[in-house]
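Listed below are the residues making up each chain.
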Amino acid sequence: MTILVTGGAGFIGANFVLDWFQHHDEPVVNLDKLTYAGNLQNLASLEGDARHIFVRGDINDRPLVERLLSAHEVRAIVHFAAESHVDRSIHGPEEFITTNVNGTFHLLEAARAYWSDLPEKRRAAFRFLHVSTDEVYGSLELGEAPFRETTCFAPNSPYAASKAASDHLVRAWHHTYGLPVLITHCSNNYGPYQFPEKFIPLMILNARAGKPLPIYGDGRNIRDWLYVSDHCAALRRVLEAGRPGETYNIGGCNEKTNLEVVQAICALLDRLAPEGAPHSRLITFVEDRPGHDRRYAIDAGRIQRELGWTPQESFATGLEKTVRWYLAHDDWVQSVTSGAYRDWIERHYGASFPPQSGPPGVA
Ligand code: NAD
Ligand code: TYD
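Residues numbered from 1 in each chain as written. Chains lettered and ligands numbered in written order. Predicted model: local features only at pLDDT ≥ 70, side-chain atom pairs only at ≥ 80, totals over all residues. Heavy atoms only, no water.

1. Comments concerning the nonpolar core
To keep it simple, the criterion reads: Among buried residues, the Ala, Val, Leu, Ile, Met, Phe, Trp, Tyr and Cys ones that are joined through side-chain atoms within 4.5 Å form a nonpolar core. Only protein chains enter the accessibility calculation, which uses a 1.4 Å probe; a residue whose area is less than 20% of its type maximum is buried, one above 50% is exposed, and one in between is partly exposed. By definition in these notes, contact holds between two residues if any of their heavy atoms fall within 4.5 Å.
Core analysis: the biggest nonpolar cluster contains 71 residues, and Phe16, Val78, Ile200 and Ile303 have the highest contact counts within it. When sequence neighbours within four positions are dropped, the list of residues in contact with Phe16 reads Ile3, Val5, Val78, Phe80, Cys232, Leu235 and Arg236. In terms of nonpolar packing, the next biggest core, distinct from the first, is built from 26 residues, Val29, Leu118, Val181 and Ile183 among them.

What follows is the structure, given as structure tokens:
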């Protein structure tokens, strides 16, 4: 048997594929369009490994997906492929609808066609695992209870809205057609291979290069951080033992303000790469993100109770591993921070610099 992973050349998908082969010999068909966020270098260690079958293609290409499902006798789909960056969704939302909404629709239809024709035993064992985000729940105030699986959806960014739409489709394909789906909502991930448009790798690389560390607004927005290998372990567990039709929230119980995260990165760099110390001198407050969600926090009680999953990394251990990884992988950094990446940084941050002198409201 085989699993089909979509978006397996991106940050979490690549970590998942690498992690999968640490635990299984079951082959993976990896379908990825290789957008700016997909990078085969993330999977370089699998070169020549017959268990990994990479296919460059789009989840919107239903005939291709149907061919792959049949040809490889796929028993489960793990669906990561998405446009994933909130700031990009603000600049240009269309691609988020095309991939996250339409793409998920076409993938569901391909899965349904294939699954409907399977013999009964394989039909019952088939799974469609949809990897979603906590951002579909909207924003919490300080002191409000963390998101549970029953929290109402209230997506605020085009990215979050497109993921929420895809979650609704997945839910409906279970309810209406009986497709055995599983949905997960995870909090912010960090770790190796994360594209440096996202907060943690951007801050590590900018600090390393002596560039400003652009913090949106007052830096007090809160995210609940999870080391990526803990997310991968949770997904393996959900695939193995999750109940079809069920939703599982995944999070690390690591709520931090953005300022706390940047200060922790600076302190690590002061110790591990002291030539630029103190790196915190680079902290720069810039114009806030439009509609910036104030706080995300996950209640991961269900997956802990029902499936026995708990994260292995604390924020301190995970962040140190991450900083060390970026310091040791200059070749990877060079390859992903070329042409198109520079254009994005220029487009997005260009107007924000020179910086404000301090967080709004602070003299
Ligand atoms: P990413 O942007 O790093 O990777 C996305 C991958 O999908 C890339 O390899 C890209 O080439 C591929 N892709 C994009 N459009 C495609 C298409 N039409 N067809 C096939 N492949 C396509 O994203 P990520 O951070 O690894 O996130 C993966 C998934 O996890 C997403 O669904 C995201 O919503 C979800 N998620 C992410 C986080 C996070 O903190 N990064 C947290 C919770 C959930
Ligand atoms: P990000 O990594 O884009 O994840 P998300 O918006 O999906 O949570 O951002 C994490 C937090 O960091 C978020 O509150 C926005 C903030 N942020 C900055 O302050 N500066 C930046 O340059 C970026 C990219 C993000």
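2. What about the site of ligand 1?
Counted only if it meets this: We call a residue near a molecule or strand as soon as one heavy atom of that residue lies within 4 Å of the molecule or strand. Any N or O atom pair separated by 3.5 Å or less is treated as a polar contact, with the protein-specific requirement of one donor-capable and one acceptor-capable atom, and with residues adjacent in sequence counted only for side-chain atom pairs. Methods summary: accessible areas were calculated by the Shrake-Rupley approach with a probe of 1.4 Å, and residue burial reflects only the protein chains presented. Secondary structure follows DSSP: runs of H or I at least 4 residues long count as helices, runs of E at least 2 residues long count as strands, and numbering of each begins at the N terminus. Classification used: nonpolar for Ala, Val, Leu, Ile, Met, Phe, Trp, Tyr, Cys and Pro, charged for Asp, Glu, Lys and Arg, polar for all others including Gly.
With respect to spatial proximity, 29 residues lie near ligand 1, and among them Ile12, Asp32, Ser84, Tyr159 and Lys163 are the closest. Backbone polar atom of Lys33 to a nitrogen atom of ligand 1: 3.0 Å apart, as the coordinates give it. At a separation of 3.4 Å, an oxygen atom of ligand 1 approaches a polar backbone atom of Leu34. The fraction of the free accessible surface of ligand 1 (840 Å²) that becomes covered by protein chains is 97%. When residues of the shell around ligand 1 are traced back to their parent elements, those giving at least two are helix H1 (11-23), strand E5 (127-133) and helix H6 (158-177). Per-element accounting of the shell around ligand 1 gives the leading share, three residues, to E5. A class-by-class count of the residues in the shell around ligand 1 yields twelve nonpolar, twelve polar and five charged.

3. Details of the site of ligand 2
Inspection of the region around ligand 2 gives 19 residues, with Glu135, Arg223, Arg289, His292 and Tyr349 positioned closest. One of the backbone nitrogen or oxygen atoms of Pro214 is found 2.8 Å away from a nitrogen atom of ligand 2. Tyr216 places a polar main-chain atom, nitrogen or oxygen, 2.9 Å from an oxygen atom of ligand 2. Within the complex, 97% of the 510 Å² of free accessible area of ligand 2 lies under protein. Contributions of two or more residues to the shell around ligand 2 are made by helix H3 (86-91), helix H7 (199-208) and strand E8 (213-216). For the shell around ligand 2, the leading source of residues is E8, giving three residues.

4. Here we look at the packing of aromatic side chains
This is how the line gets drawn: Two aromatic rings, drawn from Phe, Tyr or Trp (for Trp, its six-membered ring), form a pair once their centres lie within 6.5 Å of each other, and the interplanar angle then sorts them: stacked below 30 degrees, edge-to-face above 60, tilted otherwise. Criterion for a charge above a ring: Lys NZ or Arg CZ within 6 Å of the ring centre, and within 35 degrees of the ring normal.
Per the counting criterion, the structure on display carries 20 aromatic pairs. Judged by centre distance (5.9 Å) and plane angle (65°), the ring pair of Tyr114 and Phe126 falls under edge-to-face. Pair noted here: Tyr114 is in helix H4 (residues 94-116) and Phe126 is in the loop between helix H5 (120-125) and E5, with a separation of twelve residues, a long-range link. Accessibility expressed as a relative area gives 9% for Tyr114, which makes it buried. The class for Phe126 is buried, based on a relative accessible area of 0%. Geometry around Tyr36 places Arg88 over its ring, the cationic atom sitting 3.6 Å from the centre. Looking at Arg112, its charged tip hangs above the ring of Tyr177, at a distance of 3.8 Å from the centre.

5. Focus: the side chain of His52
By the element assignment, His52 lies in strand E3 (residues 52-56). With near-sequence residues (within four places) excluded, His52 lies in contact with Val17, Phe21, Val28, Asn30, Leu43 and Leu46.

6. Structural notes on the sheet that holds strand E4 (residues 74-79)
Inclusion rule: Pairing between strands is defined by DSSP: at least two bridges between the two strands are required. Note on geometry: axes are lines fitted to C-alpha atoms, helical ones only across the stretch in contact, with angles between N-to-C directions running from 0 to 180 degrees.
Taken together, the seven strands give an open sheet; going across it, the order is E3-E2-E1-E4-E5-E6-E11, and neighbouring strands pair in parallel fashion. Taken across any chain shown, the strands that pair with only one partner, and hence form the sheet edges, are E3 and strand E11 (247-250). Strand-to-strand twist in this sheet, taken as the mean axis angle between neighbours without regard to direction, amounts to 20°. Across four bridges, the pairing between strand E1 (residues 2-6) and strand E2 (residues 28-32) is parallel. Residue Ile3 lies in a different strand from E2, and its bridge partner there is Val28. Against the sheet, helix H2 (residues 62-71) touches E1, E2, E3 and E4, its axis set at about 170° to E2. The strands that helix H8 (residues 228-241) touches are E4, E5, strand E6 (181-186) and E11; relative to E5, the one it contacts most, it runs at about 145°.

7. Looking at the environment of Ile222
Turning to its location among the elements, Ile222 is positioned in strand E9 (residues 222-224). Residue classification places Ile222 among the buried residues on the basis of a relative accessible area of 11%. Taking the C-alpha atoms as reference points, Ile222 and Ile90, separated by 132 residues in sequence, lie 20 Å from one another. If we ignore the near neighbours within four places in the chain, the residues touching Ile222 are Leu142, Glu255, Lys256, Thr257, Arg294, Arg295 and Tyr296.

This is a description of form; function is not addressed.
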